[in-house]
Each structure stands twice: as structure tokens, then as C-alpha cells.
Amino acid sequence: MKQQAGPHEFSTTLYVTDLDGTLLRDDATLSPRSIELINSAISRGALFTYATARSFTSTRRVTAELALRLPAITYGGTVLAHQQTGQADEVQLLPRAIVEAAIEACTAAGLQPILHTFDDGRDRLRWHHHAETDGTRAFVGPRVGDARIAPITEHDPPDLDAVFYVAVLGLRHELVALRDSLQPTLAECAHFISHDPVTEPYHWLEFHTWEGAKSAA
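Residues numbered from 1 in each chain as written. Predicted model: local features only at pLDDT ≥ 70, side-chain atom pairs only at ≥ 80, totals over all residues. Heavy atoms only, no water.

Participant: Describe the sheet that holds strand S8 (residues 163–170), with residues and values.
Facilitator: The strand order S7-S6-S8-S10-S9 describes an open sheet built from five strands, whose pairing is antiparallel. Bordering the open sheet on either side are strand S7 (122–126) and strand S9 (190–195), each of which pairs with just one other strand. Between one strand axis and the next, the sheet turns through 20° on average, direction left out of account. Of the pairings in the sheet, the one linking S8 to strand S10 (residues 203–208) comprises five bridges and is antiparallel in character. Bridging from a neighbouring strand, Ala 167 pairs with Glu 206 of S10. Strand contacts of helix H4 (residues 96–109): strand S6 (113–119), S8 and S10, with the helix running at about 155° to S6, the strand carrying the most contacts. (Pairing = 2+ DSSP bridges. Helix = DSSP H or I, 4+ residues; strand = E, 2+ residues; numbered from the N terminus. Axes fitted to C-alpha atoms, helices over the stretch in contact; angles between N-to-C directions. Contact = heavy atoms within 4.5 Å.)

Participant: Explain the sheet that holds strand S3 (residues 72–74) to me, and be specific about the residues and the numbers.
Facilitator: Read across the open sheet, the three strands follow the order S3-S4-S5; overall the sheet is antiparallel. Where the open sheet ends on each side, the last strands, each with one partner, are S3 and strand S5 (88–91). Between one strand axis and the next, the sheet turns through 20° on average, direction left out of account. One ladder, built from three bridges, connects S3 with strand S4 (residues 79–81); its direction is antiparallel. From the neighbouring strand, Thr 74 faces S4, where its bridge partner is Val 79.

Written as C-alpha cells, this is what we have:
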């Protein structure tokens with residue numbers, strides 16, 4: 001970005017960046033230089049935002065110093081969130097049949113899906129506390145105190161029509177077998193297996209609608 005740029009140089013170009021492994025440093029923070037350059041560009045008309053697999057709750061902690069104005073592309077593209085309030089501008093929900101198939105297949109495989117739902121005006125993380133797997137604990141443990149945490153109970157069951165994202169943590173061979181068992185159901189949505197060193201040795205199987213991809217958002 002040229003610091004001598006005029007006030008309207010960026011006004012017709014949309015700049016979108018990923019966060020982890022791209023804009024953020026290895027310690028998942030923004031450098032002072034990045035903050036300075038981005039805020040300077042935005043003040044001169046730059047259309048700038050980010051697209052990430054993170055939730056808005058997580059991204060806001062690391063982007064708070066940026067003067068962002070455009071909606072944030074979060075959860076891999078399934079949720080567009082207002083930068084100042086975190087309120088969802090748009091949510092791409094999964095068809096109920098896919099969610100039900102995922103729950104059934106996970107139960108048969110001894111795995112547990114973490115359902116990301118959007119209800120009561122906010123995103124929530126739903127899972128059966130009494131049936132936690134080691135993979136689920138690896139996900140939930142670092143999120144103690146997170147306002148999204150909402151274990152499934154008899155009196156607070158999940159709304160399967162409000163699910164926009166499903167994540168399953170397990171060993172890679174378990175997830176490959178689970179993915180294969182869910183074909184051709186998963187052909188109807190975007191899905192992928194990935195690895196995060198933070199949850200070692202567990203991998204992730206995640207899926208959402210095709211309309212909820214980063215490029216579509």
C-alpha cells in the first residue's frame with residue numbers, strides 16, 4: 001500500500017485477506033506495522049475486510065485495533081458479521097437432513113459432532129456434555145468462558161434447523177471413514193479434513209453449505 005495514495009485510490013477495489021497464516025503473525029497477532037498501514041488505507045477509502053474460518057468472537061480479539069467497517073466473513077463464509085456489534089448480517093444454514101445424517105453417522109462411529117447453531121440472535125456451540133470424546137474436549141477445553149458455549153441438555157435441545165456449521169474432531173483415519181460413510185450426503189455441501197497443531201493429534205472434519213464458502217461470501 002502506497003502511503004502517498006490519494007483519498008479515493010482504493011474506493012473501487014475490495015481487499016479481502018485471510019487471517020491465520022496470512023495477515024496474522026505466527027503468534028496469531030497483528031504487527032503494529034500492519035495495523036498502521038491498514039488503518040491508514042481505510043481512512044483514505046480502502047474497502048478492506050477479512051475471510052476466516054474463525055468465529056467473529058475469535059476474530060474480534062485479534063482485529064480490535066483495525067478500523068474495519070465492512071462485514072466480516074467468518075466461519076469459512078457461512079456468517080457475515082457486523083464489525084462493530086458482531087450481529088450476523090447473513091447466515092447460510094445447513095439443510096436439516098444433512099445435520100441429521102451427520103449426527104447418526106457420528107453416533108455409529110463413536111464420534112461427536114459439534115453443532116454450530118444460530119438462534120436467539122447469536123451463534124452457539126452445541127454438543128452433548130455427557131458424551132464428550134477426547135476430540136471434543138480438545139475443542140471445548142480452551143474455550144471455557146466463551147459466551148457461545150451451550151451444552152445440549154434435556155431442557156435445551158439443539159434446533160437442527162438452525163445449524164450452519166458442523167465440526168467433528170477425531171483421529172484422521174476415523175474422520176476419513178466417517179466422511180466415506182456420509183457419501184453421497186456430503187456431496188451436497190462443502191466439506192474438508194484439516195489439521196490444527198493446537199488440537200494435536202486430532203484432525204477436523206468440517207462441513208457447511210456451498211453457499212457458505214469464503215468465495216461466495
